[in-house]
Amino acid sequence: MKIYEKAPAKINLLLDVLRKREDGYHEVEMIMTMVDLADRLEMEELPRDTIIISSQAGYIPLDEKNLAFQAARLIKERYDVRKGVYIHLDKKIPVAAGLAGGSSDAAAALRGLNRLWKLGISDEELCELGAELGSDVPFCITGRTALATGRGEKLQRIGNPPQCWVVLAKPPINVSTADVYGRLRASQLASHPSTSDMLSAIERGSFGDMCASLGNVLESVTLPLYPEVEQLKESMQRLGADGVLMSGSGPTVFGLVSKESKVARIYNGLRGFCKEVYVVRMLT
């Protein structure tokens, strides 16, 4: 028996950091949604008690450094599963890109293994497990669009954003999330995006107000460190995207586009100097 799970990428429509907590994590407010760029996981039970991961991508770890491996190990230990699993990871989401590819793979592994081994774990329990693996994993388990608070693990489902095209572009660099957060000085941030304005824009279905409310305080760290990310933002704006923002800690930049007629121009303009460009839709 084989189980298949999709692991979609996420983008941050808003990312605010309120303060650094005593436990070392940051208190955040994020509004996240998923797009239809996705990895695909194929899972099959093995008779011996082991975890094997394979992938067509030659640039990801296939051992305990892999979040899907960690997810499988966690669910086996927590629910005393003495069987093994083979997981094939068909990788489409760029790595270290600010799109939660690893977190979404971990979430898909938890969902899939829950089904494969008929464990009957609720979504709430899966989210608690996911939070042990990473702050974005609980969101990736439930998907759709949500307001995330705490360190990102407290989720409140909200309505779908107004539908539009999303152009994603990743420059040929990798950015460490831990490094970006480590360099951030939350108490010294000059301004913060308005979570209430973004929530209101989504609730009213206002595409223009949603674009106007985009904001990510991590840009204050990543853009000075990696000028090519700022250049990518400027290029996307110049080519006509309605709203442009860096996703997560970067380096991927996304542009929201309301008219299909603009999409090809933006895509072709970016492909001139950036190999990894994708045109996707939000998942609603």
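Conventions we followed
- Residues numbered from 1 in each chain as written.
- Predicted model: local features only at pLDDT ≥ 70, side-chain atom pairs only at ≥ 80, totals over all residues.
- Heavy atoms only, no water.
- Core = buried A, V, L, I, M, F, W, Y, C linked by side-chain atoms within 4.5 Å.
- Buried < 20%, exposed > 50% of the residue type's maximum accessible area, 1.4 Å probe, protein only.
- Helix = DSSP H or I, 4+ residues; strand = E, 2+ residues; numbered from the N terminus.
- Contact = heavy atoms within 4.5 Å.
- Pairing = 2+ DSSP bridges.
- Axes fitted to C-alpha atoms, helices over the stretch in contact; angles between N-to-C directions.

Draft legend 1. Structural view of the nonpolar core. Residues Val17, Val85, Leu110 and Leu270 are the most contacted members of the largest nonpolar core, which totals 71 residues. Per-element tally for this core: the top contributor is helix 2 (residues 101-116), with seven residues. For Val85, the residues in contact, after removing those within four places along its chain, are Met43, Glu44, Glu45, Leu46, Thr50, Ile51, Ile52, Ala72, Leu113, Leu116 and Trp117.

Draft legend 2. Geometry of the pairing of strand 5 (residues 145-149). Here strand 5 lies mainly inside the structure; four of its five residues are buried. Of the pairings in the sheet, the one linking strand 2 (residues 26-46) to strand 5 comprises four bridges and is antiparallel in character. Within strand 5, the position partnered with Ile31 by the bridge is Leu147. Bridge count for strand 5 against strand 6 (residues 154-157) is four bridges, and the pairing is antiparallel.

Draft legend 3. Local environment of the sheet that holds strand 9 (residues 243-246). Taken in spatial order, the four strands make up an open sheet running 9-10-7-11, and their pairing is antiparallel. In this open sheet, the two strands that pair with only one neighbour each are strand 9 and strand 11 (276-281). Across the sheet, the mean angle separating the axes of adjacent strands is 20° when strand polarity is ignored. Here strand 7 (residues 165-170) runs beside strand 10 (residues 253-257); their pairing, made up of five bridges, is antiparallel. Paired with Val166 across the bridge in strand 10 is Leu256. Contacts from helix 9 (residues 227-238) reach strand 7, strand 9 and strand 10 within the one sheet, and its direction differs from that of strand 10 by about 10°.

Read these as spatial facts, not as claims about activity.
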